[in-house]
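Geometric and topological summary
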Amino acid sequence: AKFFGTLLLNKKAPGFDAAQKNANTMKAWMHDNFVKKEEAEDLTWIAYAFVGLVGAAKDNPAVVAAVVVGVAVAERALELDENFEHGMNHILLGAYHARTAQSELDEAKVHFDAAMKINGGKFLPTQLNYASRYYCAKSDRANYEKMLNAVLAAGDPIPEARLQNLIAKRRARRYLDNKVFQE
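Figured I'd write up the structure that's included with this text.

Basis of the calculations
- Residues numbered from 1 in each chain as written.
- Predicted model: local features only at pLDDT ≥ 70, side-chain atom pairs only at ≥ 80, totals over all residues.
- Heavy atoms only, no water.
- Buried < 20%, exposed > 50% of the residue type's maximum accessible area, 1.4 Å probe, protein only.
- Helix = DSSP H or I, 4+ residues; strand = E, 2+ residues; numbered from the N terminus.
- Arc of directions from axis to C-beta.
- Polar contact = N/O pair within 3.5 Å; in protein donor to acceptor, adjacent residues only side chain to side chain.
- Contact = heavy atoms within 4.5 Å.
- Patch = residues over 30% accessible without salt bridge, like charges linked within 9 Å, V, L, I, M, F, W, Y side chains within 5 Å.
- Areas by Shrake-Rupley, 256 points an atom, 1.4 Å probe, with all protein chains shown as cover.
- Salt bridge = Lys/Arg side-chain N within 4 Å of Asp/Glu carboxyl O.
- Lys, Arg positive; Asp, Glu negative; His and termini not counted.
- Charge placed at Lys NZ, Arg CZ, Asp CG, Glu CD.
- Phe/Tyr/Trp six-rings, centres within 6.5 Å; stacked < 30°, edge-to-face > 60°.
- Core = buried A, V, L, I, M, F, W, Y, C linked by side-chain atoms within 4.5 Å.
- Axes fitted to C-alpha atoms, helices over the stretch in contact; angles between N-to-C directions.
- Parallel < 35°, antiparallel > 145°, perpendicular 65-115°, else oblique.
- Nonpolar A, V, L, I, M, F, W, Y, C, P; charged D, E, K, R; others polar.

**Looking at helix α1 (residues 2-12)**
Restricting attention to buried positions, one finds in α1 the residues Gly-5, Thr-6 and Leu-9. One face of α1 carries all of its buried residues, which in axial projection span an arc of 100°. Exposed positions of α1 whose direction lies more than 90 degrees from the buried face are Phe-3, Phe-4 and Lys-11.

Below you can see the structure in the form of structure tokens.
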């Protein structure tokens with residue numbers, strides 16, 4: 001996904017490789033080249049590919065270093081259409097900012113709360129990530145369990161997001177059953 005996302009970015013605007021020099025050059029390039037609300041969709045999934053790869057290859061320094069590219073892409077997609085896919089970019093950025101206990105937890109909370117406001121708590125990956133990223137990093141077991149139990153009790157709140165919600169429910173059950181929470 002990252003490979004094809006890179007191809008798409010290069011096709012839409014020249015200079016992507018040079019823009020990856022640092023976070024500031026990446027943000028400036030994104031701002032200069034992506035200005036239409038409808039571009040948020042492609043940018044969201046490209047950001048998801050870049051940031052998601054870090055979870056799969058966190059022992060690879062080159063992959064971890066490229067997370068700034070994914071974050072810049074997600075931030076631009078968020079600026080273009082905050083509501084896309086039930087606030088997906090807020091969820092992505094919230095998870096990013098809560099990646100460790102020493103991270104920007106206040107910033108993570110802002111993003112998770114914004115996503116909850118956008119989707120009304122009906123897009124269950126929001127609560128799943130809020131619990132597993134933010135509350136876990138804060139060592140707040142009570143809110144961690146409360147949010148995961150809310151995911152399990154949610155029913156079918158958004159039929160068009162049924163698959164994502166079902167996956168969130170399965171993960172919530174697994175997290176609660178396996179005592180994933182670490183204090």
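**Some details on the side chain of Thr-44**
By secondary structure assignment, the location of Thr-44 is in helix α4 (residues 39-56). By relative accessible area, which is 1% here, Thr-44 ends up buried. A polar atom in the side chain of Thr-44 sits 2.7 Å from the backbone oxygen of Ala-40. Reaching out from Thr-44, the side chain makes a polar contact with the side chain of Asn-89 at a distance of 2.8 Å. Ignoring sequence-local partners within four residues, the contact set of Thr-44 consists of Ala-77, Phe-84, Met-88 and Asn-89.

**Focus on a positive patch on the surface**
Judged by side-chain charge, Lys-58, Arg-133, Arg-171 and Arg-174 come together as a positively charged surface patch. The residue Arg-171 is located in helix α11 (residues 162-177) in this model.

**What to know about the packing of aromatic side chains**
Two measures describe an aromatic ring pair: the distance that separates the ring centres and the angle between the ring planes. Tallied over the entire structure, the rule returns ten aromatic pairs. An angle of 50° between the planes, with centres 5.4 Å apart, marks the rings of Phe-16 and Trp-29 as tilted. Of this pair, Phe-16 sits in helix α2 (residues 16-19) while Trp-29 sits in helix α3 (residues 23-33); the two residues are 13 residues apart in sequence, bridging distant segments of the chain. The two residues Phe-16 and Trp-29 agree in class, both being buried. For the pair Trp-45 and Tyr-48, a centre-to-centre distance of 5.9 Å together with 70° between the ring planes defines the contact as edge-to-face. With a gap of three residues between them, Trp-45 and Tyr-48 both fall in helix α4, about one helical turn apart. A relative accessible area of 36% places Trp-45 in the partly exposed class. Here Tyr-48 falls in the partly exposed class, since its relative accessible area comes to 43%.

**Focus: the environment of Ala-18**
Position of Ala-18 relative to the elements: it lies in helix α2. Among the residues examined, Ala-18 registers a relative accessible area of 59% and is labelled exposed. For the pair formed by Ala-18 and Ala-115, sequence separation is 97 residues and the distance between their alpha carbons is 32 Å.

**Describing the nonpolar core**
Core analysis: the largest hydrophobic core is formed by 30 residues, its most contacted members being Met-26, Trp-29, Phe-34, Leu-43 and Val-73. Only α2, α3, α4, α6 (67-80) and α7 (84-97) provide two or more residues apiece to this core. No other element matches the nine residues that α6 contributes to this core. Sequence-distant contacts of Leu-43, defined by excluding residues within four places in its chain, comprise Leu-9, Met-30, Phe-34, Val-73, Arg-76, Ala-77 and Leu-80. Judged by nonpolar contacts, the second largest core, of 27 residues, contains Met-88, Phe-112, Ala-137 and Leu-148.

**Structural notes on the packing of helix α9 (residues 125-137) against helix α10 (residues 141-152)**
At their nearest, the axes of α9 and α10 sit 9 Å apart, and the two run at 170° to each other. The orientation of α9 relative to α10 falls into the category roughly antiparallel. Residues Gln-127, Leu-128, Tyr-130, Ala-131, Ser-132, Tyr-135 and Cys-136 of α9 touch α10, and the partners they reach there are Asn-143, Tyr-144, Met-147, Leu-148 and Val-151. Class assignment of the residues belonging to the contact of α9 with α10 gives a composition of nine nonpolar, three polar and no charged.

**Remarks on the pattern of salt bridges**
One pass over the structure, following the stated rule, counts eight salt bridges. The salt bridge partner of Lys-27 is Glu-75, with a shortest N-O separation of 3.5 Å. Of the two residues, Lys-27 sits in helix α3 while Glu-75 sits in helix α6, which places them 48 residues apart along the sequence. In this structure, Asp-156 engages Arg-162 in a salt bridge whose closest nitrogen and oxygen atoms are separated by 2.6 Å. Take Arg-162: its relative accessible area is 46%, and that puts it in the partly exposed class.

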